[in-house]
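Each chain, letter by letter, is given below.
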Amino acid sequence: MRKQTTVWFHHTDLETPMSAIPITVTGTIATEPTARTLPSGRACASFRLAVNHWRVDKNTGEFVSDGTSWFGVDCYGDLASNSAMSLSTGAAVIVSGSLRNREWATDERSGISPTVIAEHIGPDLRYGTAHYKRAKASDRSQSTSGQANTESSGTSDAVWGSLGPAETPTGV
């Protein structure tokens, strides 16, 4: 079996574009967030976000699925640490930040992936409830392994455990 290598071309802080494209999306976390530490020592977390589109069928008046858009989400610093401790696959979230198109390449293919550089991430309370707990610096420093810190949160369903995946809209 042939091994594929993906090469990402990332912008650095020094290459920040003059005009950022602000974006806010609501969707469902599709992949388990991965946490890592950059060579600079800064925390980084990434996950994929599925944004389902709905429209009203003119004949029936019912909502029908109209496709899914996929976004990569990257976050840095305290947001990355808190995200690694709080987020999990299937959670309904609101992500606000800047849109970047990231180029990628393998031995056989290349493409462009829309990626949100998140400044804010929160639960979408249309689909559940959440219990906010302010993170302590010591809690964030333990999250770089990508594992949730359940001791500091008090329960295994801590921050957003009661949030489920986004469902079909029920009304306008």
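The structure presented is a predicted model; accordingly, all values stated were derived computationally and were not measured.

Student: Looking at this structure, I do not really get the overall build of the protein chain. What am I missing?
Tutor: Across its full length, the protein chain carries three helices and seven strands. Listed N to C, the secondary structure of the protein chain is β-β-β-β-β-α-β-β-α-α in terms of helices and strands. The contacts in the protein chain between residues at least 6 apart in sequence include a share of 67% that link residues at least 24 apart. When the accessible area of the protein chain is evaluated, it comes to approximately 10,900 Å², of which 52% is carbon and sulfur surface.

Student: What am I meant to see in the nonpolar core here?
Tutor: Note on soluble globular proteins: their nonpolar side chains tend to be buried together. In terms of nonpolar packing, the biggest core is built from 20 residues, with Phe47, Leu49, Val73, Val93, Val95 and Ile121 touching the most fellow members. Put simply, the parts of the chain that give this core at least two residues each are β2 (21–29), β4 (43–56), β5 (63–76), α1 (77–86), β6 (92–105) and β7 (110–123). With five residues, β4 is the largest single contributor of residues to this core.

Student: How should I be thinking about the pattern of salt bridges in this particular structure?
Tutor: For side chains bearing opposite charge, pairing can occur when the charged atoms are close. Counting across every chain of the model gives three salt bridges. With its nearest N and O atoms 3.8 Å apart, the salt bridge here joins aspartate 66 to arginine 55. Linking aspartate 66 in strand β5 with arginine 55 in strand β4, this pair joins segments that are eleven residues apart in sequence. Aspartate 124 is the salt-bridge partner of arginine 126, the closest N and O atoms lying 2.7 Å from each other. You can call arginine 126 exposed: its relative accessible area is 57%.

Rules used throughout
- Residues numbered from 1 in each chain as written.
- Predicted model: local features only at pLDDT ≥ 70, side-chain atom pairs only at ≥ 80, totals over all residues.
- Heavy atoms only, no water.
- Helix = DSSP H or I, 4+ residues; strand = E, 2+ residues; numbered from the N terminus.
- Contact = heavy atoms within 4.5 Å.
- Areas by Shrake-Rupley, 256 points an atom, 1.4 Å probe, with all protein chains shown as cover.
- Core = buried A, V, L, I, M, F, W, Y, C linked by side-chain atoms within 4.5 Å.
- Buried < 20%, exposed > 50% of the residue type's maximum accessible area, 1.4 Å probe, protein only.
- Salt bridge = Lys/Arg side-chain N within 4 Å of Asp/Glu carboxyl O.

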